[in-house]
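Given next are the chains, with one letter for each unit.
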Amino acid sequence: MDRREAVKSVAFLIGGALSATTIATLFDSCNTPGKNSDNLFTADQEKLVTEIADIIIPTTAKSPGAKAANVGPFITMMVKECYPEDAQKAFVKGLEDIEERSNKDFGKSFLEISVKERQELITKVRDETIAAQKAEKDKSDENKAGEKTVKDENKEIKPEIEKPGNPMAVKEKPKTAPQFFAIARDLTMLGFFTSEIGATQAYEYIAIPGRYDGDVKMKPGQKVYS
């Protein structure tokens, strides 16, 4: 399996944790990237992406972090070659906002502030993104509630695509406004867990598992298998 297939497979497995923007991009097989993507990022913005990814997945006692797994270049490559123009603009705008807020709050570039200050700033951006996504979902739910629903014996009949267990439901998430942090988080997870470090050190890696066991007993705190 090459990395393109690995990324799609991991995206499918963690689909519920990914934004609709990333799901739509991956399941469209990166067919609609924005135009003029070659010079999308400055050199400093590429460094900034690497440092932000390392805040999202830092090095721990059990595994190296996103920087060691070379996730930064993966993120910039994916944004340039796969994401549509509106998502590319949202991502670049997000990087510009991070720099602006770092200079305003700490008097320095994000690349120059401490890890604690970076964590503080990224946590604020994350919380703002979650709030914006919740507001967008609430508005979408209100619109759905106003639409006519088909009922059978007082039970709502959902379209086939929305039924539990249908894997294509992941693909059919409604289109939402692209959010910088959501894209950065999505691609950090996908880049890390499809890297050699992520697959062999963050996960429990067995090179030759030998046989399929559908009932493995897990111990508290044990890593999941790659």
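See above for the structure.
Now for a description of the structure that goes with this document. In this text the structure is predicted, and so the values were computed from the model without any measurement.

**Notes on the packing of aromatic side chains**
Part 1 of the reasoning: Under the criterion given, the structure shown has three aromatic pairs.
Part 2 of the reasoning: With 5.0 Å between their ring centres and 55 degrees between their planes, Phe91 and Phe180 make a pair best called tilted. Placement of Phe91 in helix α5 (residues 85-106) and of Phe180 in helix α7 (residues 180-193) is noted, with a sequence separation of 89 residues between them. Of the two residues examined, Phe91 and Phe180, each falls in the buried class.
Part 3 of the reasoning: Ring centres 5.1 Å apart and planes at 85 degrees place the aromatic pair Phe192 and Phe193 in the edge-to-face group.
Part 4 of the reasoning: Using a relative accessible area of 24% as the deciding quantity, one classes Phe193 as partly exposed.
Part 5 of the reasoning: Members of the aromatic cluster, each reached through a chain of ring pairs, are Phe41, Phe91 and Phe180.

**Let's talk about helix α3 (residues 43-56)**
Part 1 of the reasoning: An ideal rise of 1.5 Å per residue puts 20 Å on 14 residues; α3 measures up with 21 Å between its terminal C-alpha atoms.
Part 2 of the reasoning: Listed as buried for α3 are Gln45, Leu48, Val49, Thr50, Glu51, Ile52, Ala53, Asp54 and Ile55.

**Notes on the nonpolar core**
Part 1 of the reasoning: Formed by 38 residues in total, the largest nonpolar core has its most connected members in Ile75, Phe91, Ile98, Phe110, Phe180 and Leu187.
Part 2 of the reasoning: At the level of secondary structure, the elements contributing two or more residues to this core comprise α3, α4 (71-81), α5, α6 (115-145), α7 and α8 (196-202).
Part 3 of the reasoning: The leading source of residues in this core is α7, at seven residues.
Part 4 of the reasoning: The residues touching Phe110, leaving out its near neighbours within four places in the chain, are Leu48, Glu51, Ile52, Ile55, Ile98, Glu99, Ser102, Arg118, Leu121 and Ile122.

**A look at α7**
Part 1 of the reasoning: With 14 residues, α7 should reach 20 Å at 1.5 Å per residue; the first-to-last C-alpha distance of 20 Å fits that figure.
Part 2 of the reasoning: Along α7, 13 of the 14 residues are buried, which leaves the element largely enclosed by surrounding structure.

**Here we look at the environment of Asp186**
Part 1 of the reasoning: Relative to the assigned elements, Asp186 resides in helix α7.
Part 2 of the reasoning: Other than its neighbours up to four places away in sequence, Asp186 contacts Ala17, Leu18, Ser19 and Thr22.
Part 3 of the reasoning: Here the side chain of Asp186 touches Thr22 through a polar contact of 2.6 Å, side chain to side chain.

**Things to note about the pattern of salt bridges**
Part 1 of the reasoning: Summed over all chains, the structure comprises 10 salt bridges.
Part 2 of the reasoning: Asp127 is the partner of Arg126 in a salt bridge, and the nearest nitrogen-oxygen pair spans 3.0 Å.
Part 3 of the reasoning: Since its relative accessible area comes to 38%, Asp127 is described here as partly exposed.
Part 4 of the reasoning: For Asp215, the salt bridge goes to Lys217, with nearest N and O atoms at 3.5 Å.
Part 5 of the reasoning: Asp215 sits in the exposed class, given a relative accessible area of 51%.
Part 6 of the reasoning: Connected through salt bridges with shared partners, the residues Glu51, Lys67 and Arg118 form a single ionic network.

**Re a nonpolar patch on the surface**
Part 1 of the reasoning: A grouping of Ile206, Val216, Met218, Val224 and Tyr225 is seen on the molecular surface, where their side chains present a nonpolar patch of about 430 Å² in accessible area.
Part 2 of the reasoning: Assessed through its relative accessible area of 38%, Tyr225 is described here as partly exposed.

**Details of the environment of Arg126**
Part 1 of the reasoning: Inspection of the secondary structure assignment puts Arg126 in helix α6.
Part 2 of the reasoning: When the C-alpha atoms of Arg126 and Phe180 are compared, they prove to be 9.4 Å apart, with 54 residues separating the residues in sequence.
Part 3 of the reasoning: Looking at Arg126, its side chain comes within polar contact range of the side chain of Asp127, at 3.0 Å.

Definitions and cut-offs
- Residues numbered from 1 in each chain as written.
- Predicted model: local features only at pLDDT ≥ 70, side-chain atom pairs only at ≥ 80, totals over all residues.
- Heavy atoms only, no water.
- Phe/Tyr/Trp six-rings, centres within 6.5 Å; stacked < 30°, edge-to-face > 60°.
- Helix = DSSP H or I, 4+ residues; strand = E, 2+ residues; numbered from the N terminus.
- Buried < 20%, exposed > 50% of the residue type's maximum accessible area, 1.4 Å probe, protein only.
- Expected span 1.5 Å × (residues − 1).
- Core = buried A, V, L, I, M, F, W, Y, C linked by side-chain atoms within 4.5 Å.
- Contact = heavy atoms within 4.5 Å.
- Polar contact = N/O pair within 3.5 Å; in protein donor to acceptor, adjacent residues only side chain to side chain.
- Salt bridge = Lys/Arg side-chain N within 4 Å of Asp/Glu carboxyl O.
- Patch = residues over 30% accessible without salt bridge, like charges linked within 9 Å, V, L, I, M, F, W, Y side chains within 5 Å.
- Areas by Shrake-Rupley, 256 points an atom, 1.4 Å probe, with all protein chains shown as cover.

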